[in-house]
Amino acid sequence: TYEKLWLAGSFVLIVGFIVTITYGSVGLGITMIDDEANTVTPDEIGSDDRFSDPRVEQVGEDEYEVYVVAMTFIFQPDPIEVPASSEVTFYVTSRDVIHGFEVAGTNINSMAIPGQVAELTVEFDEPGTYGIVCNEYCGPQHHTMEGSLVVT
Ligand code: CUA
């Protein structure tokens, strides 16, 4: 009868919803695994391709990546040197406590959190020297924690 067909149809729909919800959760799980690409624990920094050697790396004609490690009470590398009018992506992490990574006079401002990698992309138009400061209290020498960014 039609009634039985409707019941069967509803059952199929309900199973369908459950499958969709389950797949949704699995999808989320995969997203979280992807995010692992943007994490690095302090213990892993020494063997991590990006952060074991904090540096400026040219990755395209006008494209640079900068791998920054903050720690009490310095930034590496220091100074950071990049050419003007190029696209610069900073990847910033900390090897101990929470620090800040702020390039004075620009809108570059991020926390440097142990275990996480912050990503910031910017283009510097003006050559010059910019101060880098830590703006999160990180210990007794917090106020001395600074670096410099030289745009050539
Ligand atoms: Cu590092 Cu304050």
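Heads up: the structure comes first, above all this text.
Residues numbered from 1 in each chain as written. Predicted model: local features only at pLDDT ≥ 70, side-chain atom pairs only at ≥ 80, totals over all residues. Heavy atoms only, no water.

Colleague: Which residues make up the pairing of strand β10 (residues 118–123), and what are the values?
Modeller: A one-sided burial pattern is seen for β10, the buried positions being A118, L120 and V122 and the unburied ones E119, T121 and E123. Note: strand β6 (residues 87–94) against β10, six bridges, orientation antiparallel. Residue pairing in the sheet places F90 in a bridge with L120 of β10. (Buried < 20%, exposed > 50% of the residue type's maximum accessible area, 1.4 Å probe, protein only. Helix = DSSP H or I, 4+ residues; strand = E, 2+ residues; numbered from the N terminus. Pairing = 2+ DSSP bridges.)

Colleague: How would you explain the nonpolar core if you had to name every residue and give the values?
Modeller: Nonpolar side chains in soluble globular proteins tend to end up buried together. If you look at the biggest cluster of nonpolar residues, it comprises 25 residues, and the most contacted ones within it are F90, F101, F124 and L149. Looking at this core, the elements that each hand over two or more residues are β3 (63–71), β5 (80–82), β6, β7 (99–103), β10, β11 (128–133) and β12 (146–151). It is β3 that provides the largest number of residues to this core, a total of four residues. Judged by nonpolar contacts, the second largest core, of eight residues, contains I45, Y67, Y91 and V117. (Core = buried A, V, L, I, M, F, W, Y, C linked by side-chain atoms within 4.5 Å.)

Colleague: Run through a negative patch on the surface, naming residues and quoting values.
Modeller: Side chains of E61, D62, E63, E87, E123, D125 and E126 sit close together on the surface and give a patch of like negative charge. Looking at the secondary structure, you find E63 in strand β3. (Patch = residues over 30% accessible without salt bridge, like charges linked within 9 Å, V, L, I, M, F, W, Y side chains within 5 Å. Areas by Shrake-Rupley, 256 points an atom, 1.4 Å probe, with all protein chains shown as cover. Salt bridge = Lys/Arg side-chain N within 4 Å of Asp/Glu carboxyl O. Lys, Arg positive; Asp, Glu negative; His and termini not counted. Charge placed at Lys NZ, Arg CZ, Asp CG, Glu CD.)

Colleague: How would you explain the environment of Y137 if you had to name every residue and give the values?
Modeller: With respect to the helices and strands, Y137 occurs in the loop between β11 and β12. Through-space distance from the C-alpha of Y137 to that of V97 is 9.5 Å; in sequence the pair is 40 residues apart. When near neighbours in sequence (up to four residues on either side) are disregarded, Y137 contacts I98 and H142. For Y137, the side chain forms a polar contact with the main-chain oxygen of G139, separated by 3.3 Å. (Contact = heavy atoms within 4.5 Å. Polar contact = N/O pair within 3.5 Å; in protein donor to acceptor, adjacent residues only side chain to side chain.)

Colleague: Report on the sheet that holds β11, specifying residues and quantitative values.
Modeller: Reading across the sheet, the five strands line up as β5-β12-β11-β7-β8 and stay open at both edges, with mixed pairing between neighbours. A single partner strand is all that each edge strand has here, and the edge strands are β5 and β8 (109–112). The average undirected angle you get between the axes of adjacent strands in this sheet is 20 degrees. Here β5 pairs with β12 via three bridges, running parallel. What sits directly across from E81, in β12, is V150. (Axes fitted to C-alpha atoms, helices over the stretch in contact; angles between N-to-C directions.)

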